[in-house]
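The primary structure of each chain is shown beneath.
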Amino acid sequence: MHENFYHNVKVYYEDTDAGGVVYYANYLKYLERARTEALLTIGLSNLQIKDKFGALIIVKSCNIEYKKSAYLEDKLTIRSFIKSVTKTSFFMNQIITKGNDIIAESQIHLVFVNNKGKPVKVPQIIFDNFKPYFCDTIKINN
(Lines give C-alpha, C1' and ligand atoms only; values in the text may rest on other atoms or scores of the structure.)
Protein backbone atom coordinates (compact mmCIF):
# COMPACT_ATOMS: atom_id res chain seq x y z
CA MET A 1 0.00 0.00 0.00
CA HIS A 2 1.31 3.43 -0.90
CA GLU A 3 1.29 6.03 1.83
CA ASN A 4 1.83 9.73 2.07
CA PHE A 5 4.15 11.17 4.67
CA TYR A 6 2.48 13.75 6.93
CA HIS A 7 4.24 16.55 8.78
CA ASN A 8 2.48 19.27 10.79
CA VAL A 9 3.70 22.82 11.30
CA LYS A 10 2.32 25.82 13.14
CA VAL A 11 2.67 29.30 11.65
CA TYR A 12 4.67 31.54 13.95
CA TYR A 13 4.96 35.33 13.98
CA GLU A 14 8.42 35.07 12.39
CA ASP A 15 6.85 33.30 9.37
CA THR A 16 4.51 36.16 8.50
CA ASP A 17 4.55 39.63 7.05
CA ALA A 18 3.13 42.68 8.85
CA GLY A 19 -0.40 41.59 7.91
CA GLY A 20 -0.04 38.16 9.51
CA VAL A 21 0.12 36.34 6.16
CA VAL A 22 2.81 33.67 5.64
CA TYR A 23 5.61 35.11 3.50
CA TYR A 24 5.78 33.09 0.27
CA ALA A 25 9.39 31.89 0.68
CA ASN A 26 8.62 30.36 4.08
CA TYR A 27 6.53 27.66 2.42
CA LEU A 28 9.83 26.33 1.00
CA LYS A 29 11.12 25.99 4.57
CA TYR A 30 8.01 24.02 5.56
CA LEU A 31 8.53 21.70 2.58
CA GLU A 32 12.20 21.18 3.48
CA ARG A 33 11.30 20.34 7.08
CA ALA A 34 8.78 17.76 5.89
CA ARG A 35 11.39 16.13 3.63
CA THR A 36 13.89 16.05 6.48
CA GLU A 37 11.34 14.44 8.80
CA ALA A 38 10.43 11.90 6.10
CA LEU A 39 14.12 10.87 5.98
CA LEU A 40 14.05 10.33 9.74
CA THR A 41 11.11 7.91 9.38
CA ILE A 42 13.37 5.62 7.35
CA GLY A 43 16.16 5.87 9.93
CA LEU A 44 18.40 8.38 8.16
CA SER A 45 19.29 12.05 8.34
CA ASN A 46 20.98 14.39 5.90
CA LEU A 47 24.14 14.23 8.01
CA GLN A 48 24.11 10.41 8.01
CA ILE A 49 23.69 10.38 4.22
CA LYS A 50 26.72 12.66 3.95
CA ASP A 51 28.79 10.58 6.38
CA LYS A 52 27.75 7.06 5.25
CA PHE A 53 27.40 7.58 1.51
CA GLY A 54 29.44 10.72 0.80
CA ALA A 55 26.34 12.26 -0.74
CA LEU A 56 24.13 15.28 -0.33
CA ILE A 57 20.53 15.69 -1.42
CA ILE A 58 20.09 18.95 -3.29
CA VAL A 59 17.07 20.61 -4.86
CA LYS A 60 17.57 20.77 -8.62
CA SER A 61 14.22 22.41 -9.27
CA CYS A 62 11.13 23.43 -7.39
CA ASN A 63 7.75 24.28 -8.82
CA ILE A 64 5.26 25.66 -6.32
CA GLU A 65 1.75 26.94 -6.93
CA TYR A 66 0.17 29.04 -4.21
CA LYS A 67 -3.58 28.46 -3.92
CA LYS A 68 -4.57 30.28 -0.70
CA SER A 69 -2.85 32.20 2.06
CA ALA A 70 -1.93 30.81 5.45
CA TYR A 71 -2.00 33.04 8.51
CA LEU A 72 -0.43 33.54 11.92
CA GLU A 73 -1.08 30.55 14.23
CA ASP A 74 -2.59 28.39 11.48
CA LYS A 75 -1.88 24.69 11.80
CA LEU A 76 -0.72 23.31 8.47
CA THR A 77 -0.09 19.78 7.24
CA ILE A 78 2.48 18.93 4.58
CA ARG A 79 1.65 15.74 2.70
CA SER A 80 4.49 14.27 0.68
CA PHE A 81 5.01 11.39 -1.72
CA ILE A 82 7.58 10.30 -4.24
CA LYS A 83 6.30 10.46 -7.79
CA SER A 84 9.25 8.88 -9.62
CA VAL A 85 12.88 7.86 -9.23
CA THR A 86 15.90 7.81 -11.53
CA LYS A 87 19.36 6.41 -10.82
CA THR A 88 20.52 9.70 -9.29
CA SER A 89 17.37 11.56 -8.32
CA PHE A 90 13.75 11.48 -7.35
CA PHE A 91 10.72 13.69 -7.81
CA MET A 92 8.64 14.47 -4.74
CA ASN A 93 5.23 16.07 -4.72
CA GLN A 94 4.18 17.94 -1.62
CA ILE A 95 0.90 19.62 -0.72
CA ILE A 96 0.41 22.06 2.13
CA THR A 97 -3.10 22.06 3.56
CA LYS A 98 -5.07 23.74 6.30
CA GLY A 99 -7.89 21.36 7.11
CA ASN A 100 -9.31 20.39 3.74
CA ASP A 101 -8.11 23.59 2.02
CA ILE A 102 -5.07 23.34 -0.24
CA ILE A 103 -2.68 26.19 0.51
CA ALA A 104 0.13 25.25 -1.89
CA GLU A 105 1.17 22.41 -4.21
CA SER A 106 4.76 21.67 -5.16
CA GLN A 107 6.89 19.38 -7.25
CA ILE A 108 10.51 19.07 -6.13
CA HIS A 109 13.33 17.44 -8.14
CA LEU A 110 15.93 16.16 -5.66
CA VAL A 111 19.36 14.95 -6.80
CA PHE A 112 22.04 13.01 -4.94
CA VAL A 113 25.46 14.57 -5.47
CA ASN A 114 28.96 13.98 -4.16
CA ASN A 115 31.09 16.63 -2.44
CA LYS A 116 32.08 17.99 -5.86
CA GLY A 117 28.47 18.48 -6.89
CA LYS A 118 28.43 15.60 -9.38
CA PRO A 119 25.35 13.34 -9.46
CA VAL A 120 25.76 9.95 -7.77
CA LYS A 121 23.52 6.90 -7.55
CA VAL A 122 20.74 7.01 -4.96
CA PRO A 123 21.83 4.62 -2.18
CA GLN A 124 19.82 1.40 -2.35
CA ILE A 125 18.78 1.64 1.30
CA ILE A 126 17.07 4.95 0.60
CA PHE A 127 15.34 3.58 -2.47
CA ASP A 128 14.18 0.50 -0.57
CA ASN A 129 13.03 2.33 2.56
CA PHE A 130 11.21 5.09 0.70
CA LYS A 131 9.14 2.58 -1.31
CA PRO A 132 6.05 3.06 0.90
CA TYR A 133 6.02 6.73 -0.16
CA PHE A 134 6.10 5.95 -3.92
CA CYS A 135 2.71 6.66 -5.44
CA ASP A 136 0.93 8.51 -8.20
CA THR A 137 -1.61 10.35 -6.09
CA ILE A 138 -1.74 12.16 -2.82
CA LYS A 139 -4.39 11.64 -0.18
CA ILE A 140 -5.95 14.84 1.08
CA ASN A 141 -7.46 13.26 4.20
CA ASN A 142 -5.51 11.23 6.79
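Residues numbered from 1 in each chain as written. Predicted model: local features only at pLDDT ≥ 70, side-chain atom pairs only at ≥ 80, totals over all residues. Heavy atoms only, no water.

Caption draft 1: Representation of the pattern of salt bridges within the structure. Applying the stated rule across the entire model yields five salt bridges. Among the ionic pairs, D74 bridges to K98, the shortest N-O distance being 3.1 Å. Here D74 is found in the loop between strand 2 (56-66) and strand 3 (75-85), whereas its partner K98 is found in strand 4 (residues 89-98), with 24 residues between them in sequence. Given the relative accessible area of 9%, D74 is considered buried. Here the salt bridges do not stand alone but share partners, grouping E65, K67 and E105 into one network. (Salt bridge = Lys/Arg side-chain N within 4 Å of Asp/Glu carboxyl O. Helix = DSSP H or I, 4+ residues; strand = E, 2+ residues; numbered from the N terminus. Buried < 20%, exposed > 50% of the residue type's maximum accessible area, 1.4 Å probe, protein only.)

Caption draft 2: Focus on the side chain of H7. By the element assignment, H7 lies in strand 1 (residues 5-10). In contact with H7, other than residues within four places in its own chain, are R33, A34, E37, L76, T77 and I78. (Contact = heavy atoms within 4.5 Å.)

Caption draft 3: Spatial organisation of the environment of E105. Within the element layout of this structure, E105 appears in strand 5 (residues 101-113). On the basis of relative accessibility, which here comes to 23%, the residue E105 falls in the partly exposed class. Once you skip the residues sitting within four places of it in the chain, E105 turns out to touch N63, I64, E65, K67, Q94 and I95. A polar atom in the side chain of E105 sits 3.3 Å from the side chain of K67. (Polar contact = N/O pair within 3.5 Å; in protein donor to acceptor, adjacent residues only side chain to side chain.)

Caption draft 4: Broad picture of the packing of aromatic side chains. Scanning all chains against the criterion turns up five aromatic pairs. Measuring from ring centre to ring centre gives 4.8 Å for Y23 and Y24, while their planes differ by 55 degrees; the resulting arrangement is tilted. In this structure Y23 comes out as partly exposed when scored by relative accessible area, which is 41%. When the ring of Y27 is compared with that of Y30, the centres are 6.0 Å apart and the planes differ by 90 degrees; the resulting orientation is edge-to-face. You can see Y27 and its partner Y30 sitting in helix 1 (residues 26-41), three residues apart, about one turn around the helix. Among the residues examined, Y27 registers a relative accessible area of 2% and is labelled buried. Taken together, the ring pairs in this structure connect Y23, Y24, Y27, Y30 and Y66 into an aromatic cluster. (Phe/Tyr/Trp six-rings, centres within 6.5 Å; stacked < 30°, edge-to-face > 60°.)

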